[in-house]
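Commentary on secondary and tertiary structure
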Amino acid sequence: MLSTFADIVGILSFAITVVLLIRSESLRNEIVSQKINYRNQQDEIVEQLEGFRTTLASGEPLSLKDLDDMRYALEQYKVNVLHILSYQDRKTIDQTLKLFDKDFSVFLRKKLLKNLTHLCARFTKKEV
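None of the values given here were measured: they were computed from a predicted structure.

Remarks on the pattern of salt bridges
By the definition in use, this model includes five salt bridges. Note that Asp69 and Lys65 form a salt bridge whose closest N and O atoms lie 2.9 Å from each other. Note that Asp69 and Lys65 are positioned in helix H2 (residues 64-80) at a spacing of four residues, about one turn of the helix. For Asp69, a relative accessible area of 29% corresponds to the partly exposed category. Between Asp94 and Lys78 there is a salt bridge whose closest N-O contact spans 2.6 Å. With a gap of 16 residues between them, Asp94 in helix H3 (residues 87-99) and Lys78 in helix H2 connect regions that are remote in the sequence. Note on Lys78: relative accessible area 23%, which makes it partly exposed.

The following block contains the structure:
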């Protein structure tokens, strides 16, 4: 009885190992792809984020289109480089996206500027 149970557990562990090996290989390929895309678009990302910072720092009222463009760009970065971002970077992007749902004020503008400054600094970092 116990030997049958051990055989079944052994077979299941082998199957799980094979599935995890296949999954880890596909994840590795996705990470490599994201690194290549990130290297190709890094300057554009930083330039766009700095443009958003400049727009926010100007103190002028922002249109819904400006806010939507910022939200779209952040969502796009989150999706395109998800696997190479650190937990802190993903958290910053998520916090920034949540800030867009609140009523716009001077305090909110300062928080957005702070988060965009962090992301600008992060996206200037060269990935290996």
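Let's pick the thread back up.
Things to note about the environment of His83
For His83, the location among the structural elements is in the loop between H2 and H3. For the pair formed by His83 and Leu116, sequence separation is 33 residues and the distance between their alpha carbons is 20 Å. The residues contacting His83, other than those within four sequence positions of it, are Leu27, Glu30, Ile31 and Gln34. Among the polar contacts listed, one links the side chain of His83 to the side chain of Glu30, at a separation of 3.0 Å.

Section: the packing of helix H1 (residues 2-57) against helix H4 (residues 106-124)
The contact between H1 and H4 brings their axes to 9 Å, and the two run at 160°. With respect to H4, the element H1 is oriented roughly antiparallel. Pair H1 / H4 crosses with left-handed handedness. Along the contact surface, H1 presents Tyr38, Gln42, Ile45, Val46, Leu49, Glu50, Phe52, Arg53, Thr55, Leu56 and Ala57, while H4 presents Arg109, Leu112, Leu113, Leu116, Thr117, Leu119, Cys120, Arg122, Phe123 and Thr124. Each residue belonging to the contact of H1 with H4 can be placed in one class, and the counts come to 13 nonpolar, four polar and four charged.

Notes on H2
Taking 1.5 Å per residue as the helical rise, H2 with its 17 residues ought to reach 24 Å, and the 24 Å between its terminal C-alpha atoms agrees with that figure. Among the residues of H2, Leu67, Met70, Ala73, Leu74 and Tyr77 are the ones counted as buried. Seen from one end, H2 has its buried residues packed into an arc of 130°, which puts them on one side. Across from the buried face of H2, at angles greater than 90 degrees, the exposed residues are Leu64, Lys65, Tyr72 and Val79. Among the structural elements, H1, H3 and H4 are those in contact with the buried residues of H2.

Some points on the environment of Tyr87
For Tyr87, the position within the fold is in helix H3. Accessibility expressed as a relative area gives 60% for Tyr87, which makes it exposed. Separated by 20 residues in sequence, Tyr87 and Phe107 have C-alpha atoms that sit 25 Å apart.

So, how was this worked out
- Residues numbered from 1 in each chain as written.
- Predicted model: local features only at pLDDT ≥ 70, side-chain atom pairs only at ≥ 80, totals over all residues.
- Heavy atoms only, no water.
- Salt bridge = Lys/Arg side-chain N within 4 Å of Asp/Glu carboxyl O.
- Helix = DSSP H or I, 4+ residues; strand = E, 2+ residues; numbered from the N terminus.
- Buried < 20%, exposed > 50% of the residue type's maximum accessible area, 1.4 Å probe, protein only.
- Contact = heavy atoms within 4.5 Å.
- Polar contact = N/O pair within 3.5 Å; in protein donor to acceptor, adjacent residues only side chain to side chain.
- Axes fitted to C-alpha atoms, helices over the stretch in contact; angles between N-to-C directions.
- Parallel < 35°, antiparallel > 145°, perpendicular 65-115°, else oblique.
- Left-handed = near helix turned anticlockwise from the far one by under 90°.
- Nonpolar A, V, L, I, M, F, W, Y, C, P; charged D, E, K, R; others polar.
- Expected span 1.5 Å × (residues − 1).
- Arc of directions from axis to C-beta.

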